[in-house]
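Listed below are the residues making up each chain.
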Amino acid sequence: MVALAHAPDYCYVKDRLGRFVAVNIASAKLNGFASPEDMLGKTAHELFAKDDADSAVERDRRVLASGELEDIPEHRLSAEGAGMRTLHTYKVPVFGDAAEATHVLGISEDITAQKRAAADLLARARVVAVLGDKRDEKLPAHYLPDYTHRHGYPLLQVYPTH
């Protein structure tokens, strides 16, 4: 874990009982801890909402039972230190001497910003699709707040008034 201590991604190892036995700085901060040591021994049910914890425990059990990597392209997690985050997580079995999976290594990349950027681009594309190429025209003043209210996207960012 020393090599991953300062990695920007959230890295952790859990034992067969679901206890965190190693975490990096990013993972500790995500979960509201001042240092990685403060998170050791905790379980998902002590850190996350019940649904999030149940999902994490089930995935860990599958990885331990199958001995195969699990790729979770996108899942949301409400974290104590960072609020709601969207993560891309890999869960990897760690094998002991008896060729049996004894731990789960988790590596989670925070993709929250990428998801927001993609949603922003989609919203802008919808505005352009609705209005066409009217950037040189002055839009009626009443249309701007109405559009924002109906579509949840501030039209002024795409079509500034003159």
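Everything discussed here concerns the structure shown above.
Here is a short report on the structure shown in this document.

### What to know about the overall build of the chain
Argument step 1. If you tally the helices and strands in the chain, you get 5 helices and 5 strands.
Argument step 2. Secondary structure elements of the chain occur, N-terminal to C-terminal, as β-β-α-α-α-β-β-β-α-α.
Argument step 3. Burial statistics for the chain: of 162 residues in total, 37% are counted as buried.
Argument step 4. In the chain, the proportion of contacts linking residues at least 24 apart, taken out of those at least 6 apart, comes to 41%.
Argument step 5. When the accessible surface of the chain is summed, it comes to about 9700 Å², and 55% of that surface belongs to carbon and sulfur atoms.

### Topic: the packing of aromatic side chains
Argument step 1. Taken as a whole and judged by the stated rule, the model has 1 aromatic pair.
Argument step 2. Judged by centre distance (5.6 Å) and plane angle (70 degrees), the rings of Tyr-12 and Phe-20 are edge-to-face.

Cut-offs applied
- Residues numbered from 1 in each chain as written.
- Predicted model: local features only at pLDDT ≥ 70, side-chain atom pairs only at ≥ 80, totals over all residues.
- Heavy atoms only, no water.
- Helix = DSSP H or I, 4+ residues; strand = E, 2+ residues; numbered from the N terminus.
- Buried < 20%, exposed > 50% of the residue type's maximum accessible area, 1.4 Å probe, protein only.
- Contact = heavy atoms within 4.5 Å.
- Areas by Shrake-Rupley, 256 points an atom, 1.4 Å probe, with all protein chains shown as cover.
- Phe/Tyr/Trp six-rings, centres within 6.5 Å; stacked < 30°, edge-to-face > 60°.

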